[in-house]
2 protein chains.
Amino acid sequence: MREAKEVTIYDIAKKLNISPATVSRGLAGHPGISKKTKKKIIDTVEEMGYRSNHFARNLRQKQTHTIGVMVHELNSNFITSVLAGIEKVTTEAGYDLIIAHSSESAKKEAANARNLFQKRVDGLIASLSFDTTDLDHFQPFLNKDVPVVFFDRVEQDGNRTVVVIDNAKCGYMATEHLLSQECKRIAHVTSSLNRNVYAQRYKGYRDALYDKGLPFDEKLLLVGDLSEQAGIDAANQIMKMKPRPDGIFCTNDFVAAVCMRTLKEKGIRIPEDIAVVGFNNDAIGHLIEPTLTTINYPGIDMGEIAARNLINHLKGISNLQQTNTVIVRSELIIRNSSVRKKK
Amino acid sequence: MREAKEVTIYDIAKKLNISPATVSRGLAGHPGISKKTKKKIIDTVEEMGYRSNHFARNLRQKQTHTIGVMVHELNSNFITSVLAGIEKVTTEAGYDLIIAHSSESAKKEAANARNLFQKRVDGLIASLSFDTTDLDHFQPFLNKDVPVVFFDRVEQDGNRTVVVIDNAKCGYMATEHLLSQECKRIAHVTSSLNRNVYAQRYKGYRDALYDKGLPFDEKLLLVGDLSEQAGIDAANQIMKMKPRPDGIFCTNDFVAAVCMRTLKEKGIRIPEDIAVVGFNNDAIGHLIEPTLTTINYPGIDMGEIAARNLINHLKGISNLQQTNTVIVRSELIIRNSSVRKKK
DNA sequence: AAGATTTATGTAATCGGTTGCATGAATTTT
DNA sequence: AAAATTCATGCAACCGATTACATAAATCTT
């Protein structure tokens, strides 16, 4: 058993006294190979424990049947849902996946891009890392006509295929909800406004304020990275503000949780003193106290849609040039961290 | 730019009027290629935008320079730390990674194994899924002498290379700590005792009880999967017990958090009425209230060690047959969910 | 300076499938 | 029954890098 030489189609061919070409065709389900021969081939393949050599195949066909996925992190509910969605669609279509994560570093993201390019993935699905500013590292793919679909964190220059939620609307909904709970001064804890998702949510926040006739106060905008420290810092800043805010719209559940914990330590009651809304609907949201109002981000759907678009393009069914932007539905989930009005 | 034909070493060779063999050697840093030629080659490679073809290389060399990683899930702190550790070591050594996750399903795990086998990874690092009972799907790797290192969830039949923590000791520490906080009836919320990690922790729990002269009560052992529902069920069962337990040792932070939330909803005070210890040191542990005492599981170290062992074996520096079991240090982190005695 | 050794490079086979073209046999058409 | 068509399979080139072996040039030895 051990140390066995690899079985090739030549071995199969020799055993059956037919040509390797026939074996190859038989295995590929080529029409015009007789049923009898086909059966003999398959039986012998089974018997000899043959496994096809991807490299020979890819070398000849110049296709890898592999799709690359680039994400910023793996440890959120949202991302793993997206991956599940992508996986479902690609597996059905007979494609393999290579998943690369950048740990939120633009440098690592560029390295991953080089690597996947080197591996010659047939297509790419990507969400940008936190500090990615330019998209140069995707240029090689475009130069070689390798299709790329972006999701979630994208660069919305209108020239690429992207799958997103309506972040502005979500920001609006979150803010509007806080306003409906009689919040008058709503802090916005978010991340770099260079990143589309945060810029859009911010826009929604401002629009909601505007529509209610409330002024926007720049001091209420707290920008940080998405670390635990960022949440603590935000809470400390909020404590120092006079008058103190009575609502927080935070664009990340984890940071919202850290923020809430820190505020509670300082004696703030949530939602009575400050109402809080997060974003993403991560598992953490209903384990903390009070449970966190948040925006549900349909990861599975986004993954499925991104993957389906890519694969349809690869199979020539549709063309990515035409479908520029897909917007996936999302919704506000109201829990205890924000409800101050009794019915 | 676009539609450009792929550049090969033949193109480079033609341009420089040398042979493809020289180009190949120059690129591989072969000694005995003059510095001048080497420089010319590298310059031309740069200029023409050559990228090497992995498939041709792998086909010829019968090596993929790729390591497969199989994990049960991606969404825990622990697993992402392990991945980070593996990544660090393998990248340094010039190996690529393919990460496959089984979503805790033995069936998917077997499919992943087939896939990675098909892809001919040079080595494998794996943690078993929840309901994996036999290791048949790893047999093909062993038959072909592809080295496999298991970590965390393993089958400890003494015949494989495994990287683990001392789960029994951790279970002992956790239980002992609860006992030191004057707990008299400690429930043990865990998962299938067929899985080594849970079996060992259970053993530690029982040993600690025994050493303190306390009886073991079978009714206090609550086995479930690791879902949210399992946590709720466990809490409900604990509420029904008479006399009610005054301590819980839960082998998973997430389930511990769910349990705590459910108990609190029913008016139980933690740690006064019931003290709780979790396992893993996930981020959630210091966001919930009270913060969770837990066992720190050094993911990065485990990943690094597993990867280093595998790579040393691949490079012929060491032999996996010899290093059977590596035990990584771990420790108890005491937070508020378990501290009842004031100093 | 002739022979021995080292250095730098070339030649050609090889890895294992895939596929355009060719061919002979079987079947259908007229 | 001869001609036309279809069917099943074979031949051989090809994908692009690697490498054992060969060879020519340069350097060293005595």
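This is a predicted model, so every value here is computed, not measured. Numbering of residues begins from 1 in every chain and follows the order in which that chain's sequence is written. Whichever chain is written first becomes A and whichever ligand is written first becomes 1, with later ones labelled in order. For a predicted model such as this one, the threshold for reporting local features is a pLDDT of at least 70, and the threshold for listing and counting side-chain atom pairs is 80 or more; totals across whole chains, interfaces and linings nevertheless cover every residue. The side-chain figures draw on all heavy atoms in the structure; neither hydrogens nor water molecules are used.

**Q** I would appreciate a short explanation of the overall build of chain A in the present structure.
**A** Segments assigned H or I by DSSP are reported as helices when at least four residues long, segments assigned E as strands when at least two residues long, and all are numbered from the N terminus. When helices and strands are counted, chain A shows twelve helices and twelve strands. The size measure is the radius of gyration over C-alpha atoms, and the globule rule it meets is 2.2 Å times the number of residues to the 0.38 power. Relative to its length of 343 residues, chain A is extended, with a C-alpha radius of gyration of 26 Å against a globular reference of 20 Å. Expressed along its principal axes, the backbone C-alpha trace of chain A runs to roughly 90 × 40 × 35 Å. Whether two residues are in contact is decided by their heavy atoms: any pair within 4.5 Å suffices. For chain A, long-range pairs separated by at least 24 residues make up 74% of all intrachain contacts whose partners lie at least 6 apart in sequence.

**Q** Looking at this model, I keep getting lost on the protein's contact with DNA strand D. Mind explaining?
**A** Proximity is defined per residue: any heavy atom of the residue falling within 4 Å of a molecule or strand makes that residue near it. Not every one of the 27 residues close to DNA strand D is listed here, only the nearest: A:Thr22, A:Thr37, B:Ile9, B:Arg25 and B:Arg60. Looking at DNA strand D alone, sugar and phosphate atoms form 61% of those within 4 Å of the protein. Throughout this description, a polar contact denotes any pair of N or O atoms lying within 3.5 Å of each other; where both atoms belong to protein, one of them has to be capable of donating a hydrogen while the other can accept it, and for residues adjacent in sequence the pair is counted only when both atoms sit in side chains. With respect to DNA strand D, the side chain of B:Arg25 contributes an N or O atom lying 2.6 Å from a base nitrogen. Within the side chain of B:Arg60, one N or O atom sits 2.2 Å away from a base oxygen of DNA strand D.

**Q** Is there a simple way to explain the relation of the copies chain B and chain A in this structure?
**A** The two chain copies are related to each other by a rotation about an axis together with a translation along it. The superposition of copies rests on a least-squares fit of C-alpha positions from residues with pLDDT of 70 or more in both. Each copy superposes on the other: chain B lies on chain A with an RMSD of 0.2 Å after a rotation of 180° and an axial shift of 0.1 Å. Both chain copies can therefore be described as sitting about a two-fold axis.

**Q** Any chance you could explain the protein's contact with DNA strand C here in plain terms?
**A** Near DNA strand C you find 27 residues, and of these A:Arg25, A:Arg60, B:Thr22, B:Arg25 and B:Thr37 are the closest. Taking the atoms of DNA strand C that fall within 4 Å of the protein, sugar and phosphate contribute 59% of them. Measuring from a phosphate oxygen of DNA strand C, one finds a backbone N or O atom of A:Ile9 at 2.8 Å. At a separation of 2.5 Å, a base oxygen of DNA strand C approaches a polar side-chain atom of A:Arg60. It is helix α4 (residues 54-61) of chain A that provides the largest number of residues to the surface near DNA strand C, a total of four residues. Basically, the charged four are Asp, Glu, Lys and Arg, the nonpolar ten are Ala, Val, Leu, Ile, Met, Phe, Trp, Tyr, Cys and Pro, and anything else, Gly included, counts as polar. Of the residues belonging to the surface near DNA strand C, the class tally is ten nonpolar, ten polar and seven charged.

**Q** Please explain the sheet that holds strand β1 (residues 66-71) of chain B as it appears in this structure.
**A** The strands that make up a sheet pair up through hydrogen bonds in the backbone, lying either parallel or antiparallel. Residues and elements named next belong to chain B. Taken together, the six strands give an open sheet; going across it, the order is β2-β1-β3-β4-β5-β11, and neighbouring strands pair in parallel fashion. Each end of this open sheet is capped by a strand with a single partner; those strands are β2 (96-101) and β11 (325-328). Neighbour-to-neighbour, the strand axes of the sheet open up by a mean angle of 20°, direction not taken into account. Paired strands, as defined in this entry, are two strands with at least two bridges between them according to DSSP. Bridge count between β1 and strand β3 (residues 123-126): four bridges; the pairing is parallel. Residue Ile67 lies in a different strand from β3, and its bridge partner there is Gly123. Under this scheme, a helix contributes an axis fitted over its contacting stretch, all axes are lines through C-alpha atoms, and angles between N-to-C directions fall in the 0 to 180 degree range.

**Q** What exactly am I supposed to notice about the environment of B:Gly316 here?
**A** Examined against the element boundaries, B:Gly316 turns out to sit in the loop between α12 (299-314) and β11. Accessibility expressed as a relative area gives 58% for B:Gly316, which makes it exposed. Note on classification: 1.4 Å probe, protein chains only; a residue is buried when its accessible area is under 20% of the maximum for its type, exposed when over 50%, partly exposed between these limits.

**Q** Whenever I open this one, the interface of chain B and chain A confuses me. Can you help?
**A** One widely used convention gives an interface's size as the accessible area the parts lose upon coming together. Taken together, the contacts link 47 residues of chain B with 47 residues of chain A. Put simply, buried area is how much 1.4 Å-probe accessible surface two parts lose in total, over both of them, once they are put together. Between chain B and chain A lies a buried interface of about 4700 Å² when both sides are counted; carbon and sulfur atoms form 52% of it. By salt bridge we mean one thing: a side-chain nitrogen of Lys or Arg within 4 Å of a carboxyl oxygen of Asp or Glu. At the junction of chain B with chain A, the criterion picks out ten salt bridges. With a closest N to O distance of 3.1 Å, A:Glu87 and B:Lys108 form a salt bridge. Viewed at the interface, chain A and chain B are joined by 20 residue pairs in polar contact (both at pLDDT 80 or more). Among the secondary structure elements, those contributing two or more residues to the side of chain B that touches chain A are α4 (54-61), α5 (77-92), β2, α6 (106-118), α7 (139-143) and α11 (253-265) of chain B. Looking at the side of chain B that touches chain A residue by residue, the classes come out as 19 nonpolar, twelve polar and 16 charged.

**Q** Got a minute to help me understand the pairing of strand β4 (residues 148-151) of chain A in this structure?
**A** The two faces of a sheet get side chains in turn, since along a regular strand they alternate between them. Residues and elements named next belong to chain A. A two-sided burial pattern is seen for β4, the buried positions comprising Val148 and Phe150 on one face and Val149 and Phe151 on the other. Across three bridges, strand β3 (residues 123-126) lies against β4 in parallel orientation. Bridging across to β4, Ile125 finds its partner in Val149. Bridging between β4 and strand β5 (residues 161-165) involves three bridges; their strand directions are parallel.

**Q** In this structure, what is going on with the side chain of A:Asn296? I would like to understand it.
**A** Considering the arrangement of structural elements, one finds A:Asn296 in strand β10 (residues 294-296). What A:Asn296 contacts, discounting residues up to four positions off in sequence, is A:Asn281, A:Ser330, A:Glu331 and A:Ile333.

**Q** Any chance you could explain the packing of aromatic side chains here in plain terms?
**A** In this description, an aromatic ring pair is defined by two values, namely the gap between the centres and the angle between the planes. Two rings from Phe, Tyr or Trp (for Trp, the six-membered ring) form a pair when their centres sit within 6.5 Å of each other. Planes less than 30 degrees apart are called stacked, planes more than 60 degrees apart edge-to-face, and all others tilted. Following the criterion strictly, the structure yields 17 aromatic pairs over all chains and no others. On the basis of an interplanar angle of 80° and a centroid distance of 5.3 Å, the ring pair of A:Phe117 and A:Phe141 is categorised as edge-to-face. Residue A:Phe117 is found in helix α6 (residues 106-118), and its partner A:Phe141 is found in helix α7 (residues 139-143); the two are separated by 24 residues along the sequence. Accessibility expressed as a relative area gives 15% for A:Phe117, which makes it buried. We classify A:Phe141 as buried; its relative accessible area is 1%. Taking the centre distance of 6.1 Å and the plane angle of 70° together, the rings of A:Phe279 and A:Tyr297 count as edge-to-face. Residue A:Phe279 is found in the loop between β9 (275-277) and β10, and its partner A:Tyr297 is found in the loop between β10 and α12 (299-314); the two are separated by 18 residues along the sequence. For A:Tyr297, a relative accessible area of 4% puts it in the buried group. By the ring-pair criterion, three or more aromatic residues cluster together here, those being A:Phe78, A:Phe249, A:Phe279 and A:Tyr297. Only when the NZ of Lys or the CZ of Arg is both within 6 Å of the ring centre and within 35 degrees of the ring normal is a charge said to sit over the ring. Lying across the ring of B:Phe117, A:Arg51 places its NZ or CZ 3.7 Å from the centre. Above the plane of the ring of A:Phe216 lies A:Arg206, whose end atom (NZ or CZ) is 4.0 Å from the centre.

**Q** Got a minute to help me understand helix α9 (residues 196-211) of chain B in this structure?
**A** A turn of α-helix holds 3.6 residues, and therefore any two residues three or four places apart point the same way. Residue and element names in this part refer to chain B. By this rule, a helix spans an expected 1.5 Å times one less than how many residues it contains. For α9, which comprises 16 residues, the first-to-last C-alpha distance of 22 Å matches the rise-based estimate of 22 Å (1.5 Å per residue) to within 8%. Within α9, burial applies to Asn196, Val197, Tyr198, Arg201, Tyr202, Gly204, Tyr205, Ala208 and Leu209. Along its buried surface, α9 packs onto β5 (161-165), α8 (167-180), β6 (186-190), β7 (221-223) and β8 (247-250). Positive phi shows up at Gly213, right after α9, with a value of about 75°.

**Q** Is there a simple way to think about the domain arrangement of chain A in this case?
**A** Residue and element names in this part refer to chain A. Entries for chain A in the domain assignment read domain 1 (9-52), domain 2 (64-164 + 299-328) and domain 3 (167-297 + 332-338). The split of the chain into domains comes from an automatic or database domain assignment. Using C-alpha coordinates to define each centre, domain 2 is positioned 29 Å away from domain 3. Contacts between domain 2 and domain 3 engage 16 residues on the former and 14 residues on the latter. Where domain 2 abuts domain 3, roughly 1100 Å² becomes buried across the two surfaces, and 47% of that area is made up of carbon and sulfur atoms.

**Q** Would you mind going over the pairing of β6(B) with me for this structure?
**A** Residues and elements named next belong to chain B. Taken across its five residues, β6 has five buried, putting it largely inside the fold. Direction of pairing for β6 relative to β8: parallel, over a ladder of four bridges. Bridging from a neighbouring strand, Ala187 pairs with Ile248 of β8. With three bridges joining them, β6 and β7 adopt parallel strand pairing. Residue His188 lies in a different strand from β7, and its bridge partner there is Leu221.

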